[in-house]
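If you want the building blocks of each chain, they are given just below.
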Amino acid sequence: GQTNLKSPQDIQVYVVNTNFTLRWNYPGNDTNVTFSAEYQWFGNTETNKTEWKELPGCQNVTLTECDFSSAITEYYDTHHVHIRAERREEVSPWSSIFEMIPYFIAQIGPPEIELQSRNGVIKIKVSPPEANQVRKMWISHLDFKYNLVIWENSSNAEFRSQSIFPTDIIDDLAPDATYCLKVQATLPLDLKEGLFSPIHCVKTTRKVNDPFCATNVSVLALNMKFHLHWNNRYKQHVSYNVQYLIGYLKKLHDDHSVKWLNVPGCENITDTQCSFSSIITTVSGFYYLRVQAMSEYNTSCLSNEVKVDPLIINEIGPPDVKVDISDVLLHIQISPPGGSESEVMRDHYDLSYRVLYWKNSSNNEEEIKMKEIKQTIGTFSDLTPSTLYCVKVQAFSEFYNKSSHYSKEKCIRTPGGEIFPLVIIATFVIALIVVLLVATLLVFALYQAYAKMKYVFFPSCQPPLNIEGFGGQLFSSPYMSTTEEPIANCSIIETIITEEVNQTDFKDYKHSKQSSRDSGNYSNDDDTSGSKVSEEMLEKEIV
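Residues numbered from 1 in each chain as written. Predicted model: local features only at pLDDT ≥ 70, side-chain atom pairs only at ≥ 80, totals over all residues. Heavy atoms only, no water.

Some thoughts on the overall build of the chain
Inference 1: Secondary structure assignment for the chain yields seven helices and 33 strands.
Inference 2: Sorting the 543 residues of the chain into buried and exposed places 35% on the buried side.
Inference 3: Here the contacts in the chain between residues at least 6 apart in sequence split such that 63% fall between residues at least 24 apart.
Inference 4: If you sum the accessible surface of the chain, you get close to 34,600 Å²; carbon and sulfur atoms cover 52% of it. (Helix = DSSP H or I, 4+ residues; strand = E, 2+ residues; numbered from the N terminus. Buried < 20%, exposed > 50% of the residue type's maximum accessible area, 1.4 Å probe, protein only. Contact = heavy atoms within 4.5 Å. Areas by Shrake-Rupley, 256 points an atom, 1.4 Å probe, with all protein chains shown as cover.)

Printed below as a string of structure tokens:
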């Protein structure tokens, strides 16, 4: 059981895409030594018991490395590898175990590139790693980002790095110069950087400068209103089409040159500006724009492309402000930039407001006070009476590091300090008078209602008998129905002071009145100087 062979050391596994290479060192000086490796695959999560198996491609090898790419098919499972030295029937102890999860130790392989030089630019097309392989370590090619390193092939070369799309154009190059470049694929989410492609070199051509091409293409955007501007050097007739491409199409490895669309309202125009706000349907993506110029000879020329990231390129405009005064409080109401209908400005920029207010006086050293608020309504105190205050507001977004210009100044004067006590006193007196008037009217109305009800339901006297039985009909109160119980009879005595008349005539009249059953009036016989009731008044009373 004893052996002179030593175990291999420094076991390493190198993974590029789906290519697996096992490497090690052998510390002995023995000759005619071969090496064999075994592996375990822990793909069965139900049990930790797994058998060691021979590693295909790594049996009886004479070198200190071997390729076992065909043995590994599960790239997210744990694998163990060990190796030993062999000579005829003699074997060394197994080496230490190398544990790996293939995906975590794998490197991104180099991409393939194609170059084409034309009209002073280089058109490059990048194929992703594993493009022509059946088995793939990297599932989604859309997750790849590509870094380009380019330099002029000269003695004083300067290296320039930039990000590119799978199909892209490299411009800003010197004409008739040889440029060399290499490309690297990366996976930013996994923090993986791949191997660079082999170096390719190509010679540039001279650019044809058509005089009617649009130049200096730029974007002006304010409050999510987007305009494209360009210059026209051509003195004769020329028309323009503004074209756009949705940004994600450039991430695809397909040719996107046929996917450009015309901006509605910017077709066959002669102006050197046009609004393309209608195509900005989402603020989470980005767009590319260019201008196609068409001469009177039916030749066309494409301008340089401009990238538009809506929330980045847009500028915030100043808000609108309204001011008001109540007592010694200053109230401001802010309308967000873009107006009340611009929800994008409010929702995506998370706007805050910086309010400046100060006394507008001849003293230039008056302190300017500043307050930052999140709401569109603010209140400020500690104001001086009978003073003109001015306000201006600035909108800003901390996340995007953007701020607007200040709004126009709005000024308002605070009321005088002496007026407020007088206003308070006058208000109290007027309110007291109104309360007293209302109370008086209410008491009067209740008294009148009480008197009327008492008169109707609880009368204090009866009608005369001559009225009660007159005409053979009972007297009825106009305020009571006929079914009510009769009211108590009362006597009405009317006394009229007249000239003194003959006592005999008065007695005769008294005798005649007593003989009538309708009579209800009586006179005092004991009074020697009584009053005489005229005959006319008695007739009226009977009627």
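Examining the side chain of Thr204
Inference 1: The residue Thr204 is located in the loop between β17 (200–203) and β18 (215–222) in this model.
Inference 2: A distance of 3.1 Å separates a polar side-chain atom of Thr204 from the backbone nitrogen of Asp176.
Inference 3: Sequence-distant contacts of Thr204, defined by excluding residues within four places in its chain, comprise Ser117, Ile122, Leu173, Ala174, Pro175, Asp176, Ala177 and Tyr179. (Polar contact = N/O pair within 3.5 Å; in protein donor to acceptor, adjacent residues only side chain to side chain.)

Observations concerning the packing of aromatic side chains
Inference 1: Tallying each qualifying case throughout the model produces 17 aromatic pairs.
Inference 2: Summarising the aromatic geometry, the rings of Phe226 and Phe276 are spaced 5.7 Å apart at their centres and angled 40° between planes, so their arrangement reads as tilted. You can see Phe226 sitting in strand β19 (residues 225–231) and its partner Phe276 sitting in the loop between β22 (273–275) and β23 (287–295), a full 50 residues away along the chain. For the residue pair Phe226 and Phe276, the accessibility class agrees, reading buried in each case.
Inference 3: The rings of Tyr76, Tyr103, Phe104 and Trp138 are connected pair by pair, giving a single aromatic cluster.
Inference 4: If you follow Lys192 out to its NZ or CZ, it ends over the ring of Tyr103, 5.7 Å from the centre. (Phe/Tyr/Trp six-rings, centres within 6.5 Å; stacked < 30°, edge-to-face > 60°. Lys NZ or Arg CZ within 6 Å of the ring centre and 35° of its normal.)

What about the sheet that holds β19?
As a general point, the strands of a sheet are linked pairwise by backbone hydrogen bonds and lie either parallel or antiparallel.
Inference 1: Within the open sheet, the three strands sit side by side as β18-β19-β22. Their pairing is antiparallel. Taken across any chain shown, the strands that pair with only one partner, and hence form the sheet edges, are β18 and β22. Sheet twist, expressed as the average angle between the axes of neighbouring strands with direction ignored, equals 20°.
Inference 2: Pairing between β19 and β22: three bridges, direction antiparallel. Looking at β22, one finds that His229 is bridged to Gln273. (Pairing = 2+ DSSP bridges. Axes fitted to C-alpha atoms, helices over the stretch in contact; angles between N-to-C directions.)

Describing the state of the cysteines
Inference 1: The tally for this structure, following the rule as stated, stands at five disulfides.
Inference 2: Ordinal numbering of bonded cysteines along the chain defines a disulfide pattern of 1-2, 3-4, 5-8, 6-7, 9-10. (Disulfide = S-S within 2.5 Å.)

Let's talk about unusual backbone geometry
Inference 1: In the Ramachandran plot, Met224 falls in the positive-phi region, its phi being about 65° despite a non-glycine side chain.
Inference 2: The topology assignment puts Met224 in the loop between β18 and β19.
Inference 3: The exposure class assigned to Met224 is buried, which follows from its relative accessible area of 12%.
Inference 4: With a phi close to 50°, Asp350 is a non-glycine residue in the positive phi region.

A word on the sheet that holds strand β14 (residues 167–170)
Inference 1: What the three strands build is an open sheet, ordered β10-β11-β14; its pairing is antiparallel. For this open sheet the edge positions go to β10 (112–118) and β14, each flanked by a neighbour on one side alone. The average angle at which neighbouring strand axes cross in this sheet is 20°, direction not considered.
Inference 2: Relative to β14, strand β11 (residues 121–127) runs antiparallel, the two sharing four bridges. The residue bridging Lys125 from the neighbouring strand is Thr167, located in β14.

Remarks on the nonpolar core
Inference 1: Residues Leu228, Trp230, Phe276, Leu289 and Leu330 are the most contacted members of the largest nonpolar core, which totals 51 residues.
Inference 2: There are two domains that each give this core at least three residues, and those are domain 3 (215–313) and domain 4 (320–413).
Inference 3: Excluding residues within four positions of it along the chain, Trp230 makes contact with Ala214, Thr215, Asn216, Val217, Tyr240, Val242, Ile269, Asp271, Thr272, Gln273, Cys274 and Val291. (Core = buried A, V, L, I, M, F, W, Y, C linked by side-chain atoms within 4.5 Å. Domains from an automatic or database assignment.)

Some thoughts on a nonpolar patch on the surface
Inference 1: Together, Ile425, Phe428, Val429, Leu432, Ile433, Leu436 and Leu437 give the surface a local cluster of nonpolar side chains, amounting to about 700 Å² of exposed area.
Inference 2: With respect to the helices and strands, the residue Leu432 is situated in helix α4 (residues 419–457).
Inference 3: By relative accessible area, which is 44% here, Leu432 ends up partly exposed. (Patch = residues over 30% accessible without salt bridge, like charges linked within 9 Å, V, L, I, M, F, W, Y side chains within 5 Å. Salt bridge = Lys/Arg side-chain N within 4 Å of Asp/Glu carboxyl O.)

A word on the pairing of strand β20 (residues 238–246)
Inference 1: Here β20 lies mainly inside the structure; eight of its nine residues are buried.
Inference 2: Inspection of the sheet shows β20 paired to β23 by nine bridges, in the antiparallel sense. By the bridge assignment, Gln243 is partnered in β23 with Arg290.
Inference 3: Judged from the two bridges that link them, β20 and strand β21 (residues 261–262) form a sheet pairing that is antiparallel. Bridging across to β21, Tyr244 finds its partner in Leu261.

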